[in-house]
Amino acid sequence: MKNPLKIKYLVFTCLLYVGCSENPKQKKLEIEKEAREPLSIIFMIGDGMGLPQITTAFYFGENTPNFQQFQHIGLIKTSSTSNTVTDSAAGATAFSTGKKTYNRAIGVSKDSIIQETILEQLKKKGYQTGLISLTSITHATPAAFYAHVLDRDMHEEIAEQLINTKVDFFAGGGQKFFNNRTDGKNLFTKLYENDYHLDTVQLSKAVLDRPNAYILADDELPSIIKGRKDFLNEATSMALNYFDEKKAPFFIMIEGSFIDWGGHAENSEMLITEVADFDRTLGTVLKYVENHPNTLLIVTADHETGGVSVGKFYETNKSTGEKKEVPEKVAVYFNSNQHTAELIPVFAKGKGAEVFQGIYENNKIYNKMFEVLNNN
């Protein structure tokens, strides 16, 4: 009589072999395919966004913030070479070049020597490149990824350098630095000569076989509370779709600019709505990373603005003037209207995300990006 246990074992073994025989081969092909694909990098900067600003997304929104999806989190120290409290120019230059520099410097070292940025370096390697900002595209944070000037207010020089860098997709404001210049030049003409699809009115459909430029305001775009709507998320989605269709690796920097402005204005409504807008865009990017495993997402800030805290909420009795705590609510408080020296969180997702854990200087983010790129 045949052993029933032996028969069951043979049947199970056969089924296991049939069920799995194709999987290792398929998995190997997937791994090999991924290894052949260069790494893409999405770098999101919430200007002025410290931990208290991020905290507002957890108390003032209706949904779970997208920030909660991260497992790999670090902290950066943000001082520049000239000031303990950095500005956006020096902070973004540290990210883009790996070199700390003095406040107001764009793309140069503390000795005013030009430093090639990660965007420029990857462009030379055949990467697609992108920049999105809510301020002028010549403003300190985006400018630090393509320009090299001694002072952040050299907007006209910065605009010319943007055209020369030939960024593949950029969106923001700053029209006056292109077509209403003190030197009389019209850089929109230069963009057309460089075969750009240029739109100064709306986020029209990107043209696949050309670089795309969207310069939609004279200077900065409006804040959310002044009617901006969903520009940041829409521009980000357009850029990611554009790069997807190009089927080439890419580097893009996406800036949520008005978180900083909310801190400078000590305007809690602006701060809360701008963080919420940034978090919505973050959700779009996280979905992209989930579907494109050979992508690295880094989310951080150049500095904190406003010395913000999130604390007890009080209601004042109009007749008596007496203040009473409302236990289920919180309020945003400002300690100043300037930048601070707070440590800033770094969130990472995707390929090589674990490299960004720990506490380190802000310029090390550049080194860590290249560490992941070189190990890919």
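In what follows, the accompanying structure is described. As the structure is a prediction and not an experimental result, all values here were calculated from the model.

## Looking at the pattern of salt bridges
Move 1: One pass over the structure, following the stated rule, counts 16 salt bridges.
Move 2: A salt bridge links Lys 185 to Glu 160; the nearest nitrogen and oxygen atoms lie 3.1 Å apart. In this pair, Lys 185 sits in the loop between α8 (176-179) and α9 (187-193) while Glu 160 sits in helix α7 (residues 155-165), placing the two residues 25 residues apart along the sequence.
Move 3: Looking at Lys 185, the relative accessible area reads 38%, which means it is partly exposed.
Move 4: The exposure class of Glu 160 is partly exposed, given its relative accessible area of 26%.

## Overview of the packing of aromatic side chains
Move 1: Counted by the stated rule, this structure contains 15 aromatic pairs.
Move 2: A ring pair is formed by Tyr 242 and Phe 243, whose centres lie 5.6 Å apart and whose planes are at 55 degrees; its orientation type is tilted.
Move 3: Residue Tyr 242 is classed as buried on the basis of its relative accessible area of 4%.
Move 4: Aromatic pair Tyr 366 and Phe 370: ring centres 5.0 Å apart, planes at 55 degrees, arrangement tilted. Highlighted residues: Tyr 366 and Phe 370, both in helix α13 (residues 364-375), separated by 4 residues, approximately one helical turn.
Move 5: Clustering of aromatic rings is evident, with ring pairs tying together Phe 169, Tyr 214, Tyr 242, Phe 243, Phe 250 and Tyr 288.
Move 6: The ring of Tyr 360 has Lys 368 lying over it, and the distance from NZ or CZ to the ring centre is 4.4 Å.

Parameters and conventions
- Residues numbered from 1 in each chain as written.
- Predicted model: local features only at pLDDT ≥ 70, side-chain atom pairs only at ≥ 80, totals over all residues.
- Heavy atoms only, no water.
- Salt bridge = Lys/Arg side-chain N within 4 Å of Asp/Glu carboxyl O.
- Helix = DSSP H or I, 4+ residues; strand = E, 2+ residues; numbered from the N terminus.
- Buried < 20%, exposed > 50% of the residue type's maximum accessible area, 1.4 Å probe, protein only.
- Phe/Tyr/Trp six-rings, centres within 6.5 Å; stacked < 30°, edge-to-face > 60°.
- Lys NZ or Arg CZ within 6 Å of the ring centre and 35° of its normal.

That is the geometry; function is a separate question.
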